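# Residue-level structure breakdown
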Amino acid sequence: MIAIVKYNAGNITSVKNALERLGYSCVVTDDKNLLQQAEKVIFPGVGEASSAMNYLKEKGLDEVIKNLKQPVLGICLGQQLLCTFSEEGNTECLGIFDVKVKKFEPRLKVPHMGWNTLEVQNSELYNGILSEENFYFVHSYYAEVCTDTSAVCDYILPFSASMQKDNFYATQFHPEKSSRVGEQLLLNFLKL
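As a further point, take helix 1 (residues 12-21). Buried residues of helix 1: I12, V15, A18 and L19, and no others. One side of helix 1 carries all its buried residues, which in axial view fall inside an arc of 130°. Counted as exposed and oriented over 90 degrees from the buried face of helix 1: T13 and R21. Against the buried residues of helix 1 lie strand 1 (2-5), strand 2 (26-29), strand 3 (40-43), strand 4 (72-75) and helix 6 (179-190).

Attention shifts here to the sheet that holds strand 7 (residues 97-103). Strand order across the open sheet formed by four strands is 6-5-7-11, with mixed pairing between neighbours. Because the sheet does not close on itself, it has two edges, and the strands there are strand 6 (91-92) and strand 11 (141-143). As defined by bridge partners, strand 5 (residues 83-86) adjoins strand 7 across three bridges and the pair is classed as parallel. In the sheet register, S86 faces strand 7, and the bridge partner there is V101.

Overall, mixed pairing links the eight strands, which are arranged 2-1-3-4-14-13-12-9 in an open sheet. Edge strands, defined here as strands with exactly one partner in the open sheet, are strand 2 and strand 9 (119-120). In this fold helix 1 packs onto strand 1, strand 2, strand 3 and strand 4, with an angle of close to 165° to the strand it touches most, strand 1.

Let us now look at the packing of aromatic side chains. Any aromatic ring pair is given by two values, namely how distant the centres are and how the planes are angled relative to each other. For the structure shown, the criterion picks out eleven aromatic pairs. When the ring of F104 is compared with that of Y155, the centres are 5.9 Å apart and the planes differ by 80°; the resulting orientation is edge-to-face. Separated by 51 residues along the polypeptide, F104 in the loop between strand 7 and strand 8 (112-117) and Y155 in strand 12 (residues 149-155) bring together distant segments of the chain. Consider the rings of Y126 and F135, whose centres lie 6.3 Å apart with planes at 85°: the pair is edge-to-face. With relative accessibility at 2%, the residue F135 sits in the buried group. Grouping aromatic residues by their ring pairs yields a cluster made of F104, Y126, F135, F137, Y142, Y155, F159 and F173.

With that out of the way, let us pick up unusual backbone geometry. Of note, the amide linkage connecting V110 to P111 takes the cis form, showing an omega dihedral of 15°. With respect to the secondary-structure elements, P111 resides in the loop between strand 7 and strand 8. Backbone geometry at N90 places phi at a positive 45°, although glycine is not the residue there. Mapped onto the elements of the fold, N90 is located in the loop between strand 5 and strand 6.

What follows covers the side chain of Q79. Position of Q79 among the secondary structure elements: in helix 5 (residues 77-81). For Q79, a relative accessible area of 0% corresponds to the buried category. A polar contact of 3.3 Å, which involves the side chain of Q79, links it to the backbone nitrogen of T171. If we ignore the near neighbours within four places in the chain, the residues touching Q79 are G74, A143, S160, A161, S162, M163, A170, T171 and Q172.

Basis of the calculations
- Residues numbered from 1 in each chain as written.
- Predicted model: local features only at pLDDT ≥ 70, side-chain atom pairs only at ≥ 80, totals over all residues.
- Heavy atoms only, no water.
- Buried < 20%, exposed > 50% of the residue type's maximum accessible area, 1.4 Å probe, protein only.
- Helix = DSSP H or I, 4+ residues; strand = E, 2+ residues; numbered from the N terminus.
- Arc of directions from axis to C-beta.
- Contact = heavy atoms within 4.5 Å.
- Pairing = 2+ DSSP bridges.
- Axes fitted to C-alpha atoms, helices over the stretch in contact; angles between N-to-C directions.
- Phe/Tyr/Trp six-rings, centres within 6.5 Å; stacked < 30°, edge-to-face > 60°.
- Polar contact = N/O pair within 3.5 Å; in protein donor to acceptor, adjacent residues only side chain to side chain.

Geometry only, nothing functional implied.
Structure representation (structure tokens):
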């Protein structure tokens with residue numbers, strides 16, 4: 001079973017539809033037991049960091065997510081919440097990745113919205129994906145480049161387009177909205 005974490009953050013339907021197009025069934029849930037029993041967990045999100053973290057804490061999902069042993073994929077806000085701290089609402093996050101999330105300086109248009117390429121450093125998520133491929137981004141906050149960075153994107157400055165640590169994987173971009181390459185990345189995750 002593939003579980004998608006339900007925590008009042010948007011974009012869950014897009015992720016569910018993408019998985020179903022790939023032939024996988026999934027459940028959208030905030031049930032602790034279902035999340036712990038799932039074969040894979042996807043932690044998507046479009047929204048605001050502090051209200052999302054408040055919901056996770058109210059439901060006890062913050063501790064559940066931190067202690068998951070199966071592969072977990074954070075997407076967009078999901079990636080940011082896996083970091084230690086976000087400037088958005090001065091939010092203490094889950095702390096999987098030891099890095100802060102900062103707001104872009106508006107030297108270019110913010111939010112960073114649209115297609116961009118990555119410099120992949122190392123991750124099985126990118127098997128079969130060429131380095132010049134484009135992925136779809138929509139975000140005003142970014143995780144700094146750190147030891148857990150698995151791909152870098154450059155918009156205003158270099159930032160973590162994806163990260164990986166132990167069983168936790170995360171992307172700032174939206175694989176569910178990134179056409180064929182996004183589907184390939186999701187498939188690579190589902191086959192871990």
